[in-house]
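# Notes for the structure review
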Amino acid sequence: MGNVIILGSQWGDEGKGKIVDVFSERFDIVARYQGGNNAGHTVFIGDRKFILKLIPSGILRPGKKAVIGNGLVIDPGALLAEIDALEQAGVAVKGNLFISNRAHVLFPAHRMMEKMSEARPGRVSIGTTSRGIGPCYEDKIGRRGIRIADLLVRDSFRAQYDAVMEEKVTIAKALGIYEPLDLAGIRDEYEKFAERIRPMVCDTALLLDRSMREGKTVMFEGAQGTMLDIDHGTYPFVTSSSASAGGACTGTGVPPTRISGVLGVSKAYITRVGGGPFPTEALDGAGEQIRKRGSEFGAVTGRPRRCGWFDVPLVRYTAVINGFDSLVVTKLDVLDEFDRIQVCVGYRRGPQELTEMPPTVAEIAQVEPVYECLPGWQTSTFGVASYDALPAKAKDYLAFLETRLGVEIGCISTGPERNQTIVRKGSRFEKLVG
Ligand code: GDP
Ligand code: IMO
Ligand code: MG
């Protein structure tokens, strides 16, 4: 066992939160490496439901350390609200949560700036979570961002904040997206936030390095999914961070030489929230049936998730980008009632057969999925906890995916609870996760 990255192989909401919660028991530290409170990971423990947005799902395991890496953008108000809610529910956060001093700070003005892309004539709306994530990352890449370490130095923070905000107000007024903000009031509020988070802040790259040298193991938790990655996803309908495995290194300061394996998480079908191309979207009754059985509504925004059939070329591609050692297939139980299950094995554009998704949104819009139809098992798999106990047709479905993807399926999830999980004996998954 070593240090393992677990991340989404589709467009997010694959069930990463549940999987990280289940297996974090076997690691000493869980580190999140990108994104912000656009993520929503729902975890059920008995009849208790937790929705994690910024804090790694590993926090739910007593005694484990949780790290928020430098690759994140942090809305301190949202973070503190999440900490308070967890502590009220009896989860020990303080003392176990470590926040990178290099992570970037998200301000209310970032949400205002989001209207540049989402609410202006002539711009195609991405359908973001409206949390200000993109504009905060823009400031980071534009080298004018304010980091947690800056927030903690009161005198220089004031000057830095005033300069950045003045620029935002000027741009927002020019573009007609300005909304009155109490800039001085927000600055005072952030200074108070700073004092509350100060005890949790450190150089988390050094903390991780020290811990690994002592023999401790780290699970890296991805948010979003590879097809939402800024470089490898369905650009521009993506988020603004590196959700793929490479992001785990840049987003925590842990070198690639320390990573032992990469695990992808995929639904037994596929969903997407927000705009953008989606070749296998089921706009008929099947999509509705998946949405209903899978409770496919956004954990952050409550939006209905768009639902469709498993897309093999898409996951084959994300397996290449991430180098998956093994795949976790979640929500198998959601397909229990279907008499026929479609799987996309390629695409067609006019007379042309394609084995890969093209790079532009315009081209993707022209592709038709090529489906193979598999028989459904029409038996409940809900809660099944051993591979042998799965119906034969469900095993055939998994075997079909495994062959077409060329990646082992080492773990299967059959319900939201911890014990509704199957680890295949002798798999790479078992070797990596212990
Ligand atoms: P994440 O963002 O990848 O962590 O996923 P979300 O939490 O946004 O969405 C996954 C949803 O599916 C959550 O409500 C989970 O409780 C639920 N879930 C996870 N695994 C399973 C499963 O195997 N079966 C069922 N029925 N629900 C699951
Ligand atoms: P988890 O971690 C699903 C989508 C948004 C939008 C696009 C950009 O729960 O899997 P953003 O606010 O990030 O600038 O929005 O990305 N998106 C997600 N979709 N799951 C998520 O997170 C998402 N985070 C962002 O819907 O299409
Ligand atoms: Mg989610």
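Summary of the structure given here. Please read all numbers here as calculations on a predicted model, not as lab measurements. (Residues numbered from 1 in each chain as written. Chains lettered and ligands numbered in written order. Predicted model: local features only at pLDDT ≥ 70, side-chain atom pairs only at ≥ 80, totals over all residues. Heavy atoms only, no water.)

Turning our eyes to something else, we now look at the coordination of the magnesium ion (ligand 3). Taken together, D13 (OD) and G40 (O) make up the full set of protein donors to the magnesium ion (ligand 3), lying 2.0 to 2.1 Å away. One end of the pair, D13, is in the loop between strand 1 (4-8) and helix 1 (16-23); the other, G40, is in the loop between strand 2 (29-32) and strand 3 (41-45), with 27 residues separating them in the sequence. According to the relative accessible area criterion, G40 is buried, its value standing at 13%. (Donors = N, O, S within 2.8 Å, 3.2 Å for Na, K, Ca; no water. Helix = DSSP H or I, 4+ residues; strand = E, 2+ residues; numbered from the N terminus. Buried < 20%, exposed > 50% of the residue type's maximum accessible area, 1.4 Å probe, protein only.)

As a further point, take the site of ligand 2. The local shell around ligand 2 holds 20 residues, among which D13, K16, T129, Q224 and T239 are the closest. Within the side chain of H41, a nitrogen or oxygen atom sits 2.9 Å from an oxygen atom of ligand 2. One of the side-chain nitrogen or oxygen atoms of T129 is found 2.6 Å away from an oxygen atom of ligand 2. Burial of ligand 2 by the surrounding chains reaches 97%, relative to a free accessible area of 550 Å². In the shell around ligand 2, the residues fall into seven nonpolar, 10 polar and three charged. (Near = heavy atom within 4 Å. Polar contact = N/O pair within 3.5 Å; in protein donor to acceptor, adjacent residues only side chain to side chain. Areas by Shrake-Rupley, 256 points an atom, 1.4 Å probe, with all protein chains shown as cover. Nonpolar A, V, L, I, M, F, W, Y, C, P; charged D, E, K, R; others polar.)

With their axes 9 Å apart at the nearest point, helix 12 (residues 312-322) and helix 14 (residues 392-405) run at an angle of 55 degrees to one another. Here helix 12 lies oblique to helix 14, going by the angle between them. Note on packing geometry: the crossing formed by helix 12 with helix 14 is right-handed. Only L401, R404 and L405 of helix 14 make contact with helix 12, whose side of the interface consists of V312, V315 and R316. Classifying every residue of the contact of helix 12 with helix 14 gives four nonpolar, no polar and two charged. (Axes fitted to C-alpha atoms, helices over the stretch in contact; angles between N-to-C directions. Parallel < 35°, antiparallel > 145°, perpendicular 65-115°, else oblique. Left-handed = near helix turned anticlockwise from the far one by under 90°. Contact = heavy atoms within 4.5 Å.)

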